[in-house]
There are 4 protein chains.
Amino acid sequence: MDFTISEKMHVILEMMDEFVNKELIPLEPEFLNREFVDLLPVLEEKRRLVRQMELWAPNHPKELGGMGLDLVEHALVSEVLGRTPIGHYVFNCQAPDAGNIEILHKYGTAAQKDRYLGPLVAGRIRSCFSMTEVDMPGSNPVMMETTAEKDGDDYVINGQKWYTTSADGAAVAIVMAVTNPEASPYLRASMILVPTDTPGFNLVRNIPVMGHRGTDYASHAEILYQNCRVPRENLLGPEGHGFVIAQDRLGPGRIHHCMRWIGIAQRAFDLMCRRANTRKISPDGRTLGSKQIIQAWIAESAADIQAARLMTLHAAWKIEKEGAKAARHEISFIKFVVANTLQRVVDRALQVHGGLGMTDDTVLAYFFRHERAARIYDGADEVHKMSVARHILRAHAEKG
Amino acid sequence: MDFTISEKMHVILEMMDEFVNKELIPLEPEFLNREFVDLLPVLEEKRRLVRQMELWAPNHPKELGGMGLDLVEHALVSEVLGRTPIGHYVFNCQAPDAGNIEILHKYGTAAQKDRYLGPLVAGRIRSCFSMTEVDMPGSNPVMMETTAEKDGDDYVINGQKWYTTSADGAAVAIVMAVTNPEASPYLRASMILVPTDTPGFNLVRNIPVMGHRGTDYASHAEILYQNCRVPRENLLGPEGHGFVIAQDRLGPGRIHHCMRWIGIAQRAFDLMCRRANTRKISPDGRTLGSKQIIQAWIAESAADIQAARLMTLHAAWKIEKEGAKAARHEISFIKFVVANTLQRVVDRALQVHGGLGMTDDTVLAYFFRHERAARIYDGADEVHKMSVARHILRAHAEKG
Amino acid sequence: MDFTISEKMHVILEMMDEFVNKELIPLEPEFLNREFVDLLPVLEEKRRLVRQMELWAPNHPKELGGMGLDLVEHALVSEVLGRTPIGHYVFNCQAPDAGNIEILHKYGTAAQKDRYLGPLVAGRIRSCFSMTEVDMPGSNPVMMETTAEKDGDDYVINGQKWYTTSADGAAVAIVMAVTNPEASPYLRASMILVPTDTPGFNLVRNIPVMGHRGTDYASHAEILYQNCRVPRENLLGPEGHGFVIAQDRLGPGRIHHCMRWIGIAQRAFDLMCRRANTRKISPDGRTLGSKQIIQAWIAESAADIQAARLMTLHAAWKIEKEGAKAARHEISFIKFVVANTLQRVVDRALQVHGGLGMTDDTVLAYFFRHERAARIYDGADEVHKMSVARHILRAHAEKG
Amino acid sequence: MDFTISEKMHVILEMMDEFVNKELIPLEPEFLNREFVDLLPVLEEKRRLVRQMELWAPNHPKELGGMGLDLVEHALVSEVLGRTPIGHYVFNCQAPDAGNIEILHKYGTAAQKDRYLGPLVAGRIRSCFSMTEVDMPGSNPVMMETTAEKDGDDYVINGQKWYTTSADGAAVAIVMAVTNPEASPYLRASMILVPTDTPGFNLVRNIPVMGHRGTDYASHAEILYQNCRVPRENLLGPEGHGFVIAQDRLGPGRIHHCMRWIGIAQRAFDLMCRRANTRKISPDGRTLGSKQIIQAWIAESAADIQAARLMTLHAAWKIEKEGAKAARHEISFIKFVVANTLQRVVDRALQVHGGLGMTDDTVLAYFFRHERAARIYDGADEVHKMSVARHILRAHAEKG
């Protein structure tokens with residue numbers, strides 16, 4: 001058992017940390033008070049710097065132009081970049097592109113790779129992932145209503161999706177649609193690449209989320225597919241394997257998200273400590289940090305973050321070593337443990353800031369409202385708890 | 001011991017409840033997606049209906065044009081109106097005007113009443129309360145920096161305030177400023193009426209709170225007082241009695257807020273039940289409500305709300321019967337108990353709605369982000385806990 | 001709405017409180033370090049005093065020799081007596097006799113009343129209630145295995161019961177047994193009076209609970225009924241109505257238990273305050289009570305107890321006014337709310353006592369281990385949550 | 001970063017696990033229902049087997065007759081042995097002997113080692129650690145009242161200690177007493193070896209803890225030192241270095257305790273799973289494990305245990321690698337995190353067992369009541385939180 005972080009990673013993480021502090025955090029007031037689309041030029045500037053520093057696309061293979069880090073290494077990166085809402089975007093390892101790149105790399109045809117994979121890794125285009133449906137529980141694959149019917153050499157897609165994150169401004173969508181309605185539940189749907197300028201791909205609206213519709217990358221769209229026709233060579237992976245591939249996408253994606261959440265928690269923790277150390281509460285100069293309740297929150301938050309970190313790094317290590325299936329418990333655990341740690345720490349940090357915490361003069365209110373989703377997406381906490389518990393109970397019964 | 005609600009109140013509450021359901025809740029999508037200032041005409045329409053129904057200003061004395069309800073009665077009203085974010089405004093019992101009207105009624109001179117009290121109760125003007133300062137802990141009166149110096153027949157006010165709620169569009173501010181710096185801490189500040197068109201009253205900005213600057217009533221301003229000069233007859237109540245009067249304002253105000261929060265919790269609870277009853281989670285028609293975890297949340301939320309209600313009604317009854325001082329424990333208890341109940345119930349309701357809960361397609365996301373402030377304003381939970389505990393411990397030591 | 005406690009009750013409660021403090025709490029060291037059976041003489045002495053003061057059997061009808069208090073009044077009594085583990089016993093309103101007396105009074109024949117009711121109310125004999133079975137979930141009446149077969153003029157009872165509280169030393173058991181196996185589930189079982197000296201009534205053991213088997217009143221027995229034969233006139237109430245009567249017994253019993261738990265919580269709270277005020281933590285004389293974390297526990301505990309009290313008194317009032325059925329939500333709420341309040345407050349009080357809290361030099365360790373059962377008996381918290389939630393959801397669906 | 005457990009340790013842990021399951025858990029009913037002193041013969045039998053298997057004293061140096069495991073390795077051992085309350089004793093790595101052996105090994109003179117160290121490691125004698133005083137907070141070294149005055153070649157010890165664990169039956173006590181009252185606070189006390197048959201060493205009583213006084217190893221004594229005279233060569237380590245040495249003893253001791261607690265939590269978890277899988281709740285054979293609330297507890301418990309394990313192993317690794325001082329945050333974190341995990345898991349397991357959980361027919365009730373101390377000894381949770389938070393805040397302020 002050895003918890004050492006390699007010298008190589010130390011260097012990388014320090015460079016990234018410094019970049020986040022010096023180049024990105026100063027942009028947050030603009031991020032918080034303007035539209036994302038208006039920030040594109042300045043973000044592109046930062047992305048250029050990242051490329052120059054050869055820190056671009058840390059999670060993607062070297063041959064595609066990334067840094068080729070393994071899962072544990074990228075987990076550590078994701079933590080550092082997670083400290084600011086624009087970190088992953090600027091380093092081009094943001095969801096949903098990161099996951100889309102992974103599956104394109106693994107399942108894409110040469111033509112698909114030519115057209116999409118290169119530009120995505122280079123950061124010249126963006127993509128989205130169009131799976132969730134408004135009235136359907138994401139946890140039940142049988143309940144998907146979007147269909148892709150074969151018609152000659154084409155698929156004709158009909159249906160309504162929502163929470164198609166970052167569709168606004170994306171060049172291509174990976175759409176999940178039922179292609180084989182008679183197959184067994186988990187083999188009914190396929191993934192299909194749909195350029196967003198295809199007729200019948202209708203972005204109905206950016207959904208107002210926590211008071212904001214957002215723009216460009218920072219948005220969640222409702223999409224109406226109306227006789228949206230794409231050639232059959234746009235099928236990504238084998239027909240009917242949509243859920244299999246989606247599952248593939250989830251394990252490492254969970255690690256990325258969880259470490260990003262830990263980065264957020266770390267940031268909130270730092271802000272909480274700074275506030276505790278500087279906020280005077282009496283004329284004699286005593287600060288908030290002299291208060292035991294604040295101290296208890298700091299100790300508990302530090303311990304919570306430590307637990308979340310070790311669990312996520314361990315899960316990443318186990319995925320690398322034994323595969324996602326062997327690590328299924330660990331992957332479920334971190335979903336609900338880390339999401340709750342994140343929200344608890346942000347909530348405490350906000351409380352320590354008092355009225356200031358409610359404002360957009362710090363990044364905390366943004367984290368508070370938008371990262372509330374962490375307990376929901378990729379399977380609500382409750383779904384993961386049930387599923388892991390049933391698996392544990394079965395295994396226990398077999399062991400006797 | 002008798003928990004009966006009078007027949008008179010039953011009738012009033014039912015009328016109000018119906019009005020909220022039929023007239024106000026349908027306005028929420030506009031409230032959530034547009035600026036408050038744009039809603040003024042339609043809200044004025046609703047206010048006219050309320051006046052016609054003689055449900056106007058339920059908490060204010062009959063002689064001023066209100067319904068003259070006592071504190072327990074108005075508590076029940078506040079619960080019903082709290083179910084929608086625009087309820088109190090439409091019935092003209094919204095903070096901060098409600099508290100301002102109370103102290104004007106109690107401490108105002110005839111001239112002050114003529115100029116402000118009548119129009120406020122009639123709903124023709126609005127007011128704001130300018131006490132909080134950005135770098136000062138609200139809980140420590142010694143740390144106020146805004147001053148009002150006497151100069152001839154005038155006060156000249158200098159200082160910076162923030163969280164002056166609803167200043168945008170208000171006709172008058174009640175400003176708390178140090179008039180007697182040499183007095184004992186709680187007798188240093190006074191309340192002064194400052195018309196918002198007075199030179200030197202500078203509304204610097206509506207503070208961005210949870211992603212929104214807001215407008216008109218739905219805003220929190222930062223105000224810079226720069227040699228802001230008002231005649232000495234604008235003093236409200238005795239000089240140096242600012243904190244005494246503010247304290248007066250807090251007891252009943254706490255009841256109003258807490259019952260409003262309970263109304264919000266009730267609304268969130270109803271939405272949670274509806275969602276649980278209607279959201280299908282499998283093709284065979286089973287709903288979310290068949291899930292034990294959801295059931296546990298519903299039972300716990302119902303019990304939490306019940307506890308919060310009884311505590312608040314009991315505190316209101318005790319204030320009425322024995323005065324705010326005798327009820328100081330009860331008033332502190334409800335501050336932290338009800339605020340936490342509110343947030344717990346809203347959080348669960350949001351979670352039950354999944355991705356939908358994050359959007360502005362329901363009112364839950366609004367409650368989630370804006371009512372986060374409930375644990376902060378009027379003294380953070382922690383301040384109340386410390387203060388009530390020290391009082392209990394002292395009393396216990398004396399009792400022996 | 002009126003929370004006033006009557007003058008009459010004030011006087012009664014004060015007398016009882018003084019008695020508890022002066023006569024009973026000083027007996028606790030013996031109670032904690034010796035067997036209950038050894039305390040019988042001194043307890044009988046105290047009971048004699050209670051009779052003299054005319055505070056005997058407060059919850060039982062005057063015509064039977066009790067004080068005839070109504071449910072709300074006795075709730076207040078139960079709180080005061082609950083402050084010590086021997087309070088209810090000394091005032092002869094202890095479970096399970098209290099509930100047994102109620103149903104004997106309501107359903108007993110003249111002969112049954114002659115033989116058992118009088119002596120029970122007078123405190124000359126004790127009784128037990130033999131319903132729970134070791135492998136059966138109490139919440140499912142269908143799963144009862146004990147049978148009472150008719151044979152001539154007798155019932156012949158066979159089966160195994162456990163948690164027959166206070167069977168050791170009792171004169172009579174009320175046994176729940178299946179008499180009508182073919183009836184609908186809730187009409188299968190009956191209650192039958194079984195004198196404990198009946199052949200075939202075998203007290204197998206006092207079950208070791210939390211390290212103690214206990215004796216006499218303070219014990220929980222396992223009973224084996226082996227061809228235990230009693231005359232059919234020992235049937236209590238109509239045949240097949242066992243669950244109906246048991247249900248009857250539960251509503252008021254819940255109030256008694258919950259108020260007793262609140263009394264325990266109050267006692268723990270007092271001990272916590274005393275410890276906080278007296279425990280020095282530094283040579284300069286500062287006490288534990290100067291610590292914010294302790295203060296937070298005190299404030300939260302006081303608020304928790306207040307909530308629990310109001311909920312229980314309200315439930316009692318509703319049972320009195322509208323009947324147990326109308327109050328079913330309230331009765332379920334208090335089951336889980338008060339049990340958890342009790343345990344949280346006792347846990348905090350123990351923690352404030354440090355190592356001393358673990359010892360039997362205070363009563364806290366007793367409360368901690370034995371009152372852990374409060375979340376289990378009369379239906380585990382979880383059972384109540386499910387049941388009340390399903391009822392709420394159905395009502396909500398109907399209301400639309 | 002590598003979480004692999006070595007092949008060597010796999011073999012050892014499996015052997016121990018099997019031994020615990022086959023030889024020790026079957027002894028638990030006797031342990032739970034009889035006095036420890038009565039079990040000594042059978043336990044000695046088991047100890048002989050452990051010696052034969054060469055699994056004796058796993059944490060002690062090979063040259064002393066132990067297995068010489070490092071801290072991470074012994075952590076894993078402590079987890080396995082912790083699954084039963086008699087595990088550590090049978091393998092001779094129980095507190096307080098383990099810590100006493102460590103400091104004797106490090107600080108003892110040759111004569112001291114001859115007389116005590118050998119017999120302790122061999123398990124022929126037992127020892128105790130006499131530091132805690134009844135009215136003194138353990139966290140404040142200034143407040144120690146026991147003194148050891150030099151008189152000729154002797155120390156004369158006077159004072160009262162309690163919670164001298166396992167004094168009953170011990171051959172020797174390591175006593176902490178003030179030898180240098182004028183020194184700076186942390187240099188006032190020394191450790192002195194006192195054979196328990198020394199005149200003036202008076203074992204007043206075994207303190208009743210959670211209803212039991214206990215015997216022999218399973219007891220906590222109150223000791224009165226009355227002119228208890230021992231030669232000055234009984235000083236252990238340098239004079240005045242009592243607290244320094246005690247501190248030394250704490251770091252690795254914390255690891256042992258925490259991993260033992262995790263073993264308990266694991267055991268409770270296993271019992272919970274078994275119960276969930278086997279307890280029928282309806283005639284159609286559905287089990288408790290089909291209930292979502294139980295599933296949620298299982299998932300949360302598994303995740304909690306995983307977090308606790310990783311944090312403790314990481315702390316052990318850091319102590320080994322960088323020393324206890326560098327690992328001080330980690331050592332404090334696990335104190336409160338693991339103690340709370342333990343109690344949460346045991347509480348849930350008990351609840352899943354219903355009434356059975358309250359009895360001594362399983363080991364859960366024992367864990368519930370006795371391991372409540374885990375949040376208290378070696379510094380209450382709250383003390384650790386304050387201390388670690390203040391350290392974090394200072395470091396944060398320095399970092400800027």
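Residues numbered from 1 in each chain as written. Chains lettered and ligands numbered in written order. Predicted model: local features only at pLDDT ≥ 70, side-chain atom pairs only at ≥ 80, totals over all residues.

By the naming in an unreviewed UniProt entry, chain A is Acyl-CoA dehydrogenase, taken from Desulfosarcina alkanivorans. Annotation of chain A in UniProt includes, under Cofactor (unreviewed entry), the sentence "FAD". Looking at the Sequence similarities (unreviewed entry) heading of the UniProt record, one finds this comment for chain A: "Belongs to the acyl-CoA dehydrogenase family." (UniProt positions renumbered as here; feature names shortened; annotations may be inferred.)

(A) Inspection of the interface of chain A and chain C at higher detail. The interface is formed by 4 residues belonging to chain A together with 4 residues belonging to chain C. Along the lines of polarity and charge, the residues of the side of chain A that touches chain C split into 2 nonpolar, 1 polar and 1 charged. (Contact = placed C-beta atoms within 7 Å. Nonpolar A, V, L, I, M, F, W, Y, C, P; charged D, E, K, R; others polar.)

(B) Broad picture of the environment of B:I281. Structurally, the position occupied by B:I281 is in the loop between α8 (242-278) and α9 (292-322). Sequence separation between B:I281 and B:K291 is 10 residues, and the spatial gap between their C-alpha atoms is 9.7 Å. (Helix = DSSP H or I, 4+ residues; strand = E, 2+ residues; numbered from the N terminus.)

(C) Region of interest: the interface of chain B and chain C. Facing 39 residues of chain B, the contacting portion of chain C comprises 39 residues. Looking at which element gives the most residues to the side of chain B that touches chain C, the answer is α9(B), with 15 residues. Along the lines of polarity and charge, the residues of the side of chain B that touches chain C split into 25 nonpolar, 9 polar and 5 charged.

(D) Representation of the domain arrangement of chain A in the model. All names here are of chain A. You can read the domains of chain A as domain 1 (7-101), domain 2 (127-236) and domain 3 (244-399). For domain 1 and domain 3, the distance between their C-alpha centres works out to 20 Å. The interface is formed by 18 residues belonging to domain 1 together with 22 residues belonging to domain 3. Counting only elements with at least two residues in the side of domain 1 that touches domain 3, the list comes to α2 (28-33), α4 (71-81) and α6 (97-107). When residues of the side of domain 1 that touches domain 3 are assigned to their parent elements, the largest contribution, 7 residues, is made by α4. Residues that form the side of domain 1 that touches domain 3 fall into these classes: 9 nonpolar, 5 polar and 4 charged. (Domains from an automatic or database assignment.)

(E) Expanded view of the pairing of strand β3 (residues 154-165) of chain B. Residue and element names in this part refer to chain B. Where strand β2 (residues 147-151) and β3 come together, 5 bridges link them in antiparallel fashion. Bridge pairing in β3 links A148 to I157. Following β2, the chain reverses through 2 residues before pairing antiparallel with β3; G152 in that reversal takes a positive phi of roughly 60°. With 9 bridges joining them, β3 and strand β8 (residues 218-231) adopt antiparallel strand pairing. Bridge pairing in β8 links K161 to I223. (Pairing = 2+ DSSP bridges.)

(F) Up close: helix α13 (residues 381-399) of chain D. A rise of 1.5 Å per residue sets the reference length of α13(D), with its 19 residues, at 27 Å; its end C-alpha atoms lie 27 Å apart and thus fit the reference within 8%. For α13(D), the complete set of buried residues consists of D:D381, D:E382, D:V383, D:H384, D:K385, D:M386, D:V388, D:A389, D:I392 and D:L393. Close packing links the buried residues of α13(D) with α8 (242-278) and α9 (292-322) of chain A, α9 (292-322) of chain C together with α10 (328-353) of chain D. (Expected span 1.5 Å × (residues − 1). Buried ≥ 20, exposed ≤ 12 C-beta atoms within 10 Å, placed from the backbone.)

(G) Summary view of the relation of the copies chain B and chain C. Overlay of chain B on chain C (RMSD 0.1 Å): rotation 180°, translation along the axis 0.0 Å. Between the two chains, the operation in question is that of a two-fold axis. A high fraction, 100%, of the interface residues of chain B reappear at the interface in chain C, so the copies pair face to face through one surface. (Least-squares fit on C-alpha atoms with pLDDT ≥ 70 in both.)

(H) Quick peek at α4(A). When you tally the buried positions in α4(A), you get 11 out of 11 residues, the bulk of the element. Inspection of α4(A) places A:L71, A:V72, A:E73, A:H74, A:A75, A:L76, A:V77, A:S78, A:E79, A:V80 and A:L81 among the buried residues, and these make up the whole buried set.

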